[in-house]
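# Structure assessment
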Amino acid sequence: MNWIGGLTPWFSKAPILFVYLRLFGIKRWLRWSCYITLVVYWVACLTQTAMISAACDSHGKPGNVELFLRCFNTSSKAGLASGIMGIVSDVIILILPLPVIYQLRLAPRKRVGLAAVFMAGIV
């Protein structure tokens, strides 16, 4: 697995969190939540990529069954962990702006519409 492919999930979610920082950065709790989510997800993606790269490296030798099994097992476990982290980060990204939107001085109908715009990213 190459490093660019392993870090792609982070590069797809980080811009959303950076937009949240730009829009809602005045809220200290939201700012810290965005930073923590960015760092934790970065470390998770980096760790997963490093684990797979280390397990699947043949060190220039021709591949054998043992290498294939080790690579497969590590990739399976890392893929499961990546999926769980992806779902958790998606839920965090979905929920983060909702309390701020709820506190806006807008008509309830407009708040629901604004929340729907932010929640449309889950699709």
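Cut-off values and rules
Residues numbered from 1 in each chain as written. Predicted model: local features only at pLDDT ≥ 70, side-chain atom pairs only at ≥ 80, totals over all residues. Heavy atoms only, no water. Patch = residues over 30% accessible without salt bridge, like charges linked within 9 Å, V, L, I, M, F, W, Y side chains within 5 Å. Areas by Shrake-Rupley, 256 points an atom, 1.4 Å probe, with all protein chains shown as cover. Salt bridge = Lys/Arg side-chain N within 4 Å of Asp/Glu carboxyl O. Helix = DSSP H or I, 4+ residues; strand = E, 2+ residues; numbered from the N terminus. Buried < 20%, exposed > 50% of the residue type's maximum accessible area, 1.4 Å probe, protein only. Core = buried A, V, L, I, M, F, W, Y, C linked by side-chain atoms within 4.5 Å. Phe/Tyr/Trp six-rings, centres within 6.5 Å; stacked < 30°, edge-to-face > 60°.

A separate point is a nonpolar patch on the surface. A surface patch of nonpolar side chains, amounting to about 420 Å² of accessible area, comprises Trp32, Tyr35, Ile36 and Val40. Its place among the elements puts Tyr35 in helix H2 (residues 28-56).

Let's shift gears to the pattern of salt bridges. Taken as a whole and assessed by the stated rule, the structure comprises one salt bridge. We note a salt bridge from Asp90 to Lys13, for which the minimum N-O separation is 2.4 Å. Remark: Lys13 occurs in helix H1 (residues 3-24) and Asp90 occurs in helix H3 (residues 65-95); sequence separation between them is 77 residues. The exposure class assigned to Asp90 is partly exposed, which follows from its relative accessible area of 31%.

Time to look at the nonpolar core. By size, the foremost hydrophobic cluster in this structure holds 15 residues, and its most contacted members are Trp10, Leu17, Tyr20, Leu30, Cys34, Leu38 and Leu96. Of all the elements in the fold, those that place two or more residues in this core are H1 and H2. Looking at this core, the element that brings in the most residues is H1, giving seven residues.

Moving on to the packing of aromatic side chains. All told, the structure shown has eight aromatic pairs when counted by the stated rule. A ring pair is formed by Trp10 and Phe11, whose centres lie 5.1 Å apart and whose planes are at 85°; its orientation type is edge-to-face. Among the aromatic side chains, those forming a connected cluster through ring pairs are Trp10, Phe11 and Trp42.

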